[in-house]
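Residues per chain, in single letters:
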Amino acid sequence: MRALTWHGKHDVRVDSVPDPEILNPRDAIIKITSTAICGSDLHLYDGYIPTMMAGDILGHEFMGEVVETGARSTLKKGQRVVVPFTIACGSCYHCGKHQYSGCENGLPADNQDIGQELYGQPMAGLFGYSHLTGGYAGGQAEYVRVPFSDVGPIVIPDGIEDEKVLFLSDILPTGWMAAENAEIEPGDIVAVWGCGPVGLFAVQSAFLMGAERVIAIDHFPRRLELARRFGAETINFEETDTAAALFEMTGGIGPDAVIDSVGLEAHGFFVDNVLDQIKKSTFLGTDRIHSIRQAILACRKGGRVSMPAVYGGFVDKFPLGALMEKGLTLKTGQTHVQHYMPALLNAIMEGKIDTTFLISHTLPLEQAPQGYKMFHDNQNEVTKVVLKPGMALAAE
Amino acid sequence: MADTMNRASKDDAPLSTANKESQAIDEATDGLIVQRGDKLVARAVTINRPRAELYAFWRDFSNLPPILDNVVRIDVLDRERSHWVVKAPAGGTVEWDSRITEDREGELIAWASEDGADIPNSGRIEFRDAGARGTVVVATINYAQPGGTIGRVISRIFQREPKMQAQRDLRRFKQLMETGEIATSSRTQQQLEEERN
Ligand SMILES: NC(=O)c1ccc[n+]([C@@H]2O[C@H](COP(=O)([O-])OP(=O)(O)OC[C@H]3O[C@@H](n4cnc5c(N)ncnc54)[C@H](O)[C@@H]3O)[C@@H](O)[C@H]2O)c1
Ligand SMILES: [Zn+2]
Ligand SMILES: [Zn+2]
């Protein structure tokens, strides 16, 4: 089969590799019909995530048709499914609490050492996201092997196009959980850093949960415009002193809840951000954290900090004092996708949530490398790239 | 009988976490472990299944090779005795006969190697109710560092990471019991075979 493989920083290629096979009784093989490139994939593309190996197949946002099932899979050939990016067993202690991204059985036993060493406990298994998360082949390919297919994938009724449901795999539940973690109350003002897919879904979700005002922050005019379309007020951080603007826009109180949906690659030429970059390259710190730092300082006393953004290591200059003195609550985590999928599928079918607005480009799988480059180089215009293995190559 | 898992007289931390290994061995072998050396490894894992089921699986040693990474083969000789063949460096193997020294239905199994073992060892696996969490399984292994060149090589493998090895083995036990399978990220049958060899 053809698959998008990683070979190094800014080097991804479409290669021919052996087809996946059923290896465990609960497996299923899915023939991919649509798969997306995620902001998180850019962290891999930029070489920020350790334990990648040449030839690794990327992609954790995908859907398709069931073509093969193991003896204990509950799926049926021909069914259309969206697959959660977190690999969860459904039967461990964490899965029992619906904390699926804490699942203890998705990660092969030998891959669990690193997480235990780094974080105190092993992490969950994820598709297409380095050997730290299991080394599972991802879905930017013609076929993918899906473990625990009896608990993860959600079956999509006929007649709903891929574009409407594809984002159930990651970014829609991630934006939703970000808003849920912000514990929004009616009348709240919520500030959202980053108007990428996660931020934009957090904006939509915050309004659905009763926020009175949502203030969205980014520097890409096109992304800010999308946030405004859902009723958000916006701040372009390149033109404005974000902290001062938030203080004034909330009459000095500050937002009731703040959501950091930027993460590792916070852009911008802030003094502390540049400092973070220097430290990163000299191994003093591994993560750049401007957005989370600013969010914590902006948040009102007693407010909530929600952090869907991904961080991997240790951070310097984290405003722990502000967190304590202001009595803030911080909630974060990889998304418990399986927990949110059914309700969000219903919301999509009832027309309460719109997802298709996000897709700016659709390409054949063969052009995935161009898709990565576009998404990386031009985030203003390119909001989401969807890849389709079956699509004919555009004439060049 | 002394509580062999906790240093109950002093604090509640498990023996396996003691900074002083020799002291931990004294306390561990004070109870249910027949001493077979000066090395001690102990690990705990929570498994969301009933105690009786986990005990029954473990009691049949022929079930264990897929879980225990280094084990090539276990021949069950009779109700008490089994013969173990375990991977050693450079494609070799080490072997020993093992005898059950204590067996409490649903609670614990203790064993010790018999004379002539390539690596003298003993140990115990305990199953404790953990309420809504299922069962806490604690494995404690006591062994002797082999001598000679081969001993040095073996001990590098068995000694540098024995804690890790025990933990990985317990994780596989957990996966098989909780999910019915052992997680793998291989994509093809061939990769899986290479990974398991
Ligand atoms: N928790 C999870 O399970 C989960 C799932 C998916 C994605 N994520 C993470 O969420 C984050 C966002 O994902 P995405 O796909 O939307 O990424 P993205 O890269 O498309 O969007 C990030 C946006 O943040 C903006 N930005 C950069 N610096 C900023 C700053 N200082 N202030 C305000 N905005 C700034 C960028 O211009 C960009 O539009 C990433 O860190 C991603 O890894 C987490
Ligand atoms: Zn994603
Ligand atoms: Zn689980």
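Residues numbered from 1 in each chain as written. Chains lettered and ligands numbered in written order. Predicted model: local features only at pLDDT ≥ 70, side-chain atom pairs only at ≥ 80, totals over all residues. Heavy atoms only, no water.

Looking up chain B in an unreviewed UniProt entry gives the name Putative membrane protein, with the organism given as Sphingomonas trueperi. In the Sequence similarities (unreviewed entry) part of its UniProt record, chain B is described as follows: "Belongs to the ribosome association toxin RatA family." (UniProt positions renumbered as here; feature names shortened; annotations may be inferred.)

Named according to an unreviewed UniProt entry, chain A is Threonine dehydrogenase-like Zn-dependent dehydrogenase originating from Sphingomonas trueperi. UniProt, in the comment section headed Cofactor (unreviewed entry), describes chain A in these words: "Zn(2+)". You can read under Sequence similarities (unreviewed entry) in the UniProt record for chain A the words "Belongs to the zinc-containing alcohol dehydrogenase family."

Regarding the packing of helix H5 (residues 171-181) of chain A against helix H6 (residues 197-208) of chain A
Residue and element names in this part refer to chain A. Following both chains from N to C, one finds H5 and H6 inclined at 50°, their axes separated by 7 Å at the closest point. Comparing the axis directions of H5 and H6 gives the class oblique. In this structure, H5 meets H6 at a crossing whose hand is right-handed. Across the interface between the two elements, Ile 171, Leu 172, Thr 174, Gly 175, Trp 176, Ala 178 and Ala 179 from H5 touch Pro 197, Val 198, Phe 201, Ala 202, Ser 205, Ala 206 and Leu 208 from H6. Tallied by class, residues from the contact of H5 with H6 come to 11 nonpolar, three polar and no charged. (Axes fitted to C-alpha atoms, helices over the stretch in contact; angles between N-to-C directions. Helix = DSSP H or I, 4+ residues; strand = E, 2+ residues; numbered from the N terminus. Parallel < 35°, antiparallel > 145°, perpendicular 65-115°, else oblique. Left-handed = near helix turned anticlockwise from the far one by under 90°. Contact = heavy atoms within 4.5 Å. Nonpolar A, V, L, I, M, F, W, Y, C, P; charged D, E, K, R; others polar.)

Digging into the UniProt feature "domain: Alcohol dehydrogenase-like N-terminal" (unreviewed entry) in chain A
Mapped onto the present numbering, the UniProt feature "domain: Alcohol dehydrogenase-like N-terminal" (unreviewed entry) falls on residues 25-153 of chain A. Between the C-alpha atoms that bound residues 25-153 of chain A the distance is 15 Å, and the span itself is 15% helix and 26% strand.

Details of the coordination of the zinc ion (ligand 2)
Residue and element names in this part refer to chain A. Protein-derived coordination of the zinc ion (ligand 2) comes from Cys 38 (SG), His 60 (NE2), Glu 61 (OE) and Asp 170 (OD), at a distance range of 1.8 to 2.3 Å. Taken together, the four donor atoms surrounding the zinc ion (ligand 2) define angles of 89 to 142° at the centre, an arrangement classified as irregular. Going along the chain, you hit the donors of the zinc ion (ligand 2) in the pattern C-x21-H-E-x108-D. One end of the pair, His 60, is in the loop between strand E4 (56-57) and strand E5 (61-69); the other, Asp 170, is in the loop between helix H4 (162-165) and H5, and 110 residues separate them in sequence. Accessibility assignment for this pair places His 60 and Asp 170 in one class, buried. (Donors = N, O, S within 2.8 Å, 3.2 Å for Na, K, Ca; no water. Tetrahedral: all angles 85-135°; square planar, octahedral: opposite > 155°, others 65-115°. Buried < 20%, exposed > 50% of the residue type's maximum accessible area, 1.4 Å probe, protein only.)

Observations regarding the sheet that holds E4(A)
Residue and element names in this part refer to chain A. On the basis of which strands lie adjacent, the open sheet formed by three strands has the order E2-E1-E4 and antiparallel pairing. Single-partner strands in this sheet number two, and they are strand E2 (11-16) and E4. In this sheet, E2 lies alongside strand E1 (residues 2-8) in antiparallel orientation, the contact comprising six bridges. Bridging across to E2, Arg 2 finds its partner in Ser 16. (Pairing = 2+ DSSP bridges.)

A short note on the site of ligand 1
Residues and elements named next belong to chain A. In the vicinity of ligand 1, 31 residues are found, and the nearest of them are Ser 40, Asp 218, Arg 223, Pro 308 and Thr 335. At 3.3 Å, a backbone N or O of Val 310 approaches an oxygen atom of ligand 1. Summarising the interface, the protein chains cover 97% of the accessible area of ligand 1, which totals 870 Å² for the free molecule. Elements with a minimum of two residues in the shell around ligand 1: helix H1 (39-45), H6 and strand E12 (213-218). Broken down by element, the residue count for the shell around ligand 1 peaks at three residues, all from H1. Residue classes in the shell around ligand 1 are distributed as 13 nonpolar, 15 polar and three charged. The two domains that each donate at least three residues to the shell around ligand 1 are domain 1 (2-169 + 336-388) and domain 2 (171-332). (Near = heavy atom within 4 Å. Polar contact = N/O pair within 3.5 Å; in protein donor to acceptor, adjacent residues only side chain to side chain. Areas by Shrake-Rupley, 256 points an atom, 1.4 Å probe, with all protein chains shown as cover. Domains from an automatic or database assignment.)

Digging into the environment of A:Ile114
Residue and element names in this part refer to chain A. Structurally, Ile 114 can be placed in helix H3 (residues 112-119). Residues Ile 114 and Arg 293, spaced 179 residues apart in sequence, show a C-alpha to C-alpha distance of 27 Å. Among all residues touching Ile 114, those that are not within four sequence positions of it are Thr 51 and Leu 132.

Comments concerning the domain arrangement of chain A
Residue and element names in this part refer to chain A. Entries for chain A in the domain assignment read domain 1 (2-169 + 336-388) and domain 2 (171-332). If you average the C-alpha positions of domain 1 and of domain 2, the two centres end up 25 Å apart. Across the contact, 30 residues belong to domain 1 and 25 residues belong to domain 2. Summing both partners gives a buried area of about 2,600 Å² for domain 1 against domain 2, and 65% of it is carried by carbon and sulfur. When the area that domain 1 buries against domain 2 is broken down by residue, the three leading residues are Tyr 48, Tyr 340 and Phe 357, summing to 26%. (Buried area = accessible area lost by both parts, 1.4 Å probe.)

With respect to the interface of chain A and chain B
Contacts between chain A and chain B engage 34 residues on the former and 24 residues on the latter. Looking only at chain A, the three residues that lose the most surface to chain B are A:Leu23, A:Tyr93 and A:Asn105, adding up to 23% of its buried area. Across the contact surface, chain A and chain B share five salt bridges. Note that B:Arg168 is salt-bridged to A:Asp110, the shortest N-O span being 3.7 Å. At the junction of chain A and chain B, the tally comes to 22 residue pairs in polar contact (both at pLDDT 80 or more). Looking at the side of chain A that touches chain B element by element, the count peaks at three residues for H3(A). (Salt bridge = Lys/Arg side-chain N within 4 Å of Asp/Glu carboxyl O.)

Digging into the sheet that holds E12(A)
Residues and elements named next belong to chain A. Overall, parallel pairing links the six strands, which are arranged E13-E12-E11-E14-E15-E16 in an open sheet. Edge strands, defined here as strands with exactly one partner in the open sheet, are strand E13 (233-236) and strand E16 (329-332). Here the strands of the sheet are splayed against their neighbours by 20° on average, with no regard to which way each runs. Of the pairings in the sheet, the one linking strand E15 (residues 304-307) to E16 comprises four bridges and is parallel in character. Each bridged residue has a counterpart across the sheet, and for Ser 306 the counterpart in E16 is Lys 331. Running over the sheet, H6 touches strand E11 (189-193), E12 and strand E14 (257-260) and is turned about 175° from E12.

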